[in-house]
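Now for the letters of each chain:
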Amino acid sequence: MTSIDVRGLTKRYGPRTVVDDLTFTVPAGQVTGFLGPNGAGKSTTMRMIMSLAAPSGGSVTIGGRRYRDLPVPLTEVGALLDAGAVHGARTAQDHLLALAASNGLPRRRVGEVLARTGMDGVARRRAGEFSLGMRQRLGIAATLLGDPRVLIFDEPVNGLDPEGIRWIRDFMRSLAREGRAVLVSSHLMSEMAQTADHLVVIGRGRLIADTTMSEFMRANGEGTVLVRTDEPDAFALRLSAAGATVREGPESSLVVSGMTAAQIGKLAAYHDVALSELAPRRPRWRTPSWS
Amino acid sequence: MITRPAFTDTLHSEWIKFRSLRSTWLTLGGLVVVGLGLPLLSADPAAQGYLTGTIEEQQDWDPTNGSLLMFFIAQLVIGVLGILVVTSEHATGLMQTSLSATPRRHRLLGAKVAVVAAVSLVAGQALAFPAFLIGQAGFAAAGVPHATLADPRALSAVVGCGLYLAVIALLAVALGALIRATAGALATLVGIVLLVPVLDGMFPPWLDGLLDVWPTLGGAAVIATVPDPDYPQPWLHFAGMSAGILALLVVAFVLFERRDV
Ligand SMILES: Nc1ncnc2c1ncn2[C@@H]1O[C@H](COP(=O)(O)OP(=O)(O)OP(=O)(O)O)[C@@H](O)[C@H]1O
Ligand SMILES: [Mg+2]
């Protein structure tokens, strides 16, 4: 099982430390979400994983080896860091052929990955004529050429329409199901929530969280429930006693976390409290606790 | 089972990249237009210059060189080809993809150098010989002295012209790898092959040694049959220029290995 192991990874640009002592592991068979706001250092970390940028400190290995020491890199790692990274005047087929040839991969792989990404119909068109979604697919086709065990995608859904987003999401899930290690970055929690099994959260280059998706949701953005009743103070005490966290909401409502709406409803019925409103609210994804 | 790729795999990949761009073939087409068109167009004016010239000018008449002056422009066109092999990948971000596939960076740059060297060696000779023949035919038609390949140093000048273009193409690859931006690398190449030679004479004497091996100046002295008193040993000057460009290539390899992409 191949994994990515990041150990104390650090990158400085002049006086600025943009990746600061990061340590985490990307295990096989899962989609690991790499989450952080703009400028957090996600792309820089990925470039260091790929030996495209040299770390100022620490190390990163893939299956125990530095990227640049991999004998046949495309058969071990497929990475899409920037969908625009193709020469617009080259056809999709020639682009992939050149990549396959560099690693001594058979020519038929080009046709296979074009088919798997639904690009076989446009193989002979120039990449410059492609829509963003098609370029994204071409980039993904390139990552699959060597049938690698590890895949790395930097913000793959940026700028895609809902259908494209769904396609990429499903695709990454299927890659993980095949036992591959998948690392995918995003600055949107809502995106990660639908794709990732595991979450690595960074802010200003530092590790903030390294947990399973479900754990992270429980701790950080699990939904709250808005409750309205004629006797808020008394019911708040009952809720707290039952283990929930209660805050005051607008217009003497209660904002409850730690209990589901169903549990709150049962509690109210048990204590004969009349509720005028019981509304689950979606998690506040867009404001996770960056520090 | 996939085996560790060999240098020939990298070479094959770079060749596919090179041949699959229309701009490659347009540039090579431009090279043909310049390389064969200029001797065609300039033969007659040059012959008129001979006929109306002074005795000294007529003594210095070098029909071989006269048919190969296209190198002046051709070196820029072949330079564009060499520059783009590197800078087009930086401009599009493709370099990241290329280095992901071939993380041994010396090998990647080495394959690019090899492709450009092979193409420019062939293109240089394929240009120089027809240019010479076209030029001489023009001079013969105009009734002025012309050369044949059997003349002393004529063959050496023609072959030298092709080799000169190939070496300039490698200079261009080095500039592309060092500067990474197309415009910057091209401006530098123009400065080296066109600007500095124009400013010849404005430099302090201690720089003369450098000018002896400078492209377009001492380095191009092989493209003549009448020795230039400034550059008495043409092939020595050419060797000096080649050594300088080789040194620049070495620096390019070192930086290409070290820099973040
Ligand atoms: N080559 C460079 N030189 C100097 N600073 C850089 C360089 N590359 C990145 N940075 C800085 O490093 C920080 C992290 O950038 P990075 O691109 O890794 O962030 P990111 O998490 O990928 O952000 P985004 O979500 O916007 O893609 C930014 O502040 C950026 O300005
Ligand atoms: Mg980024």
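Nothing here was measured: the structure is a model prediction, and the numbers come from that model. (Residues numbered from 1 in each chain as written. Chains lettered and ligands numbered in written order. Predicted model: local features only at pLDDT ≥ 70, side-chain atom pairs only at ≥ 80, totals over all residues. Heavy atoms only, no water.)

J.: Which residues make up the packing of helix H5 (residues 71-92) of chain B against helix H8 (residues 154-179) of chain B, and what values do they have?
T.: Residues and elements named next belong to chain B. Interaxial distance between H5 and H8 falls to 7 Å at its minimum, and their mutual angle equals 35°. In this structure, the crossing between H5 and H8 has a hand that is right-handed. Along its contact with H5, which presents Phe 71, Ala 74, Gln 75, Ile 78, Gly 79, Gly 82, Ile 83, Val 86 and Thr 87, the element H8 presents Cys 161, Tyr 164, Leu 165, Ile 168, Ala 169, Ala 172, Val 173, Gly 176 and Ala 177. Considering only residue class, the contact of H5 with H8 consists of 13 nonpolar, five polar and no charged. (Axes fitted to C-alpha atoms, helices over the stretch in contact; angles between N-to-C directions. Helix = DSSP H or I, 4+ residues; strand = E, 2+ residues; numbered from the N terminus. Left-handed = near helix turned anticlockwise from the far one by under 90°. Contact = heavy atoms within 4.5 Å. Nonpolar A, V, L, I, M, F, W, Y, C, P; charged D, E, K, R; others polar.)

J.: Kindly report on the interface of chain A and chain B, identifying the contributing residues and their values.
T.: Listed by partner, the interface residues are 34 residues for chain A and 32 residues for chain B. Taken over both partners, the interface formed by chain A and chain B buries close to 2,700 Å², and the fraction arising from carbon and sulfur atoms is 56%. The three residues of chain A that bury the most area against chain B are Leu 52, Arg 68 and Arg 90 of chain A, which together make up 24% of that side's buried surface. If you look at where chain A meets chain B, you find two salt bridges. A salt bridge links Asp 260 of chain B to Lys 11 of chain A; the shortest N-O distance between them is 2.7 Å. Run the count over chain A and chain B and you get 13 residue pairs in polar contact (both at pLDDT 80 or more). Elements with a minimum of two residues in the side of chain A that touches chain B: strand E1 (4-13) and helix H2 (92-102) of chain A. (Buried area = accessible area lost by both parts, 1.4 Å probe. Salt bridge = Lys/Arg side-chain N within 4 Å of Asp/Glu carboxyl O. Polar contact = N/O pair within 3.5 Å; in protein donor to acceptor, adjacent residues only side chain to side chain.)

J.: Describe in detail the domain arrangement of chain A, supporting the description with residues and values.
T.: According to the domain assignment, chain A contains domain 1 (4-215) and domain 2 (221-290). Between the C-alpha centres of domain 1 of chain A and domain 2 of chain A there is a distance of 41 Å. (Domains from an automatic or database assignment.)

J.: Lay out the layout of surface pockets in plain terms, naming residues and giving numbers.
T.: Residue and element names in this part refer to chain B. The volume enclosed by the largest pocket comes to roughly 410 Å³. Forming the walls of the largest pocket are 21 residues, and the residues nearest its centre are Asn 65, Ile 223, Ala 224, Val 226 and Asp 228. Those elements giving two or more residues to the lining of the largest pocket turn out to be helix H4 (63-68) and H5. For the lining of the largest pocket, a count of residues per class yields 14 nonpolar, three polar and four charged. (1 Å grid on protein atoms, 1.4 Å probe; cavity = no way out; pocket = protein on both sides within 12 Å on 5 of 7 lines; lining within 4 Å. Points joined across faces, edges and corners; volume = space filled by probe spheres on them.)

J.: Give a detailed account of unusual backbone geometry, specifying residues and quantitative values.
T.: Positive phi values are uncommon outside glycine, yet Asp 21 of chain A reaches one of about 55°. Relative to the elements of secondary structure, Asp 21 of chain A occurs in strand E2 (residues 16-26).

J.: So what about the sheet that holds E1 of chain A? Which residues, and what values?
T.: All names here are of chain A. Taken in spatial order, the three strands of this open sheet run E2-E1-E4, and their pairing is antiparallel. Looking at the sheet topology across the chains shown, the edges are occupied by E2 and strand E4 (57-62). On average, adjacent strands in this sheet sit at an angle of 20° to one another, irrespective of strand direction. Where E1 and E2 come together, seven bridges link them in antiparallel fashion. Following the sheet pairing, Arg 12 is matched in E2 by Thr 17. (Pairing = 2+ DSSP bridges.)

J.: Can you break down the packing of aromatic side chains residue by residue, with the values?
T.: Residues and elements named next belong to chain B. Considering all chains together, one arrives at eight aromatic pairs over all chains under this definition. On the numbers, 5.1 Å between centres and 50° between planes, the contact of Tyr 50 with Trp 61 is tilted. Of this pair, Tyr 50 sits in helix H2 (residues 22-51) while Trp 61 sits in the loop between helix H3 (55-59) and H4, and the two are 11 residues apart along the sequence. The pair Tyr 50 / Trp 61 is uniform in exposure class, with both members buried. Ring geometry for Trp 61 against Phe 139: centres 5.0 Å apart, planes inclined by 70°, an arrangement best described as edge-to-face. With a gap of 78 residues between them, Trp 61 in the loop between H3 and H4 and Phe 139 in helix H7 (residues 105-142) connect regions that are remote in the sequence. By relative accessible area, Trp 61 is classed as buried at 17%. Given a relative accessible area of 1%, Phe 139 falls into the buried group. (Phe/Tyr/Trp six-rings, centres within 6.5 Å; stacked < 30°, edge-to-face > 60°. Buried < 20%, exposed > 50% of the residue type's maximum accessible area, 1.4 Å probe, protein only.)

J.: Describe in detail the site of ligand 1, supporting the description with residues and values.
T.: Residue and element names in this part refer to chain A. Contacts to ligand 1 come from Tyr 13, Arg 16, Val 18, Pro 37, Asn 38, Gly 39, Ala 40, Gly 41, Lys 42, Ser 43, Thr 44 and Glu 155. Between an oxygen atom of ligand 1 and a side-chain N or O atom of Arg 16, the distance comes to 2.8 Å. The contact in question runs from an oxygen atom of ligand 1 to an N or O atom on the backbone of Ala 40, over 3.1 Å. Mapped by element, the contributors of at least two residues to the shell around ligand 1 are E2 and helix H1 (42-49). The element contributing the most residues to the shell around ligand 1 is H1, with three residues. Among the residues making up the shell around ligand 1, the classes are represented as four nonpolar, five polar and three charged. (Near = heavy atom within 4 Å.)

J.: Residues and numbers for the confidence of the model for chain A, please.
T.: Averaged over chain A, the pLDDT score is 90; the fraction of residues at 70 or greater is 95%. Low pLDDT, under 50, characterises residues 284-291 of chain A; the stretch is placed with 21 contacts to residues that sit more than four places away or in other chains. (pLDDT = per-residue confidence, 0-100.)

J.: Requested: an account of the packing of H7 of chain B against H8 of chain B, with residues and values cited.
T.: When two helices pack together, their arrangement is captured by the angle between the axes and the distance separating the axes. All names here are of chain B. Across the interface, H7 lies against H8 with an axial gap of 8 Å and an inter-helix angle of 150°. Taken together, the axis directions place H7 and H8 in an arrangement best described as roughly antiparallel. Considering only the axes of H7 and H8, their crossing is right-handed. Its residues assigned to classes, the contact of H7 with H8 shows 21 nonpolar, four polar and no charged. (Parallel < 35°, antiparallel > 145°, perpendicular 65-115°, else oblique.)

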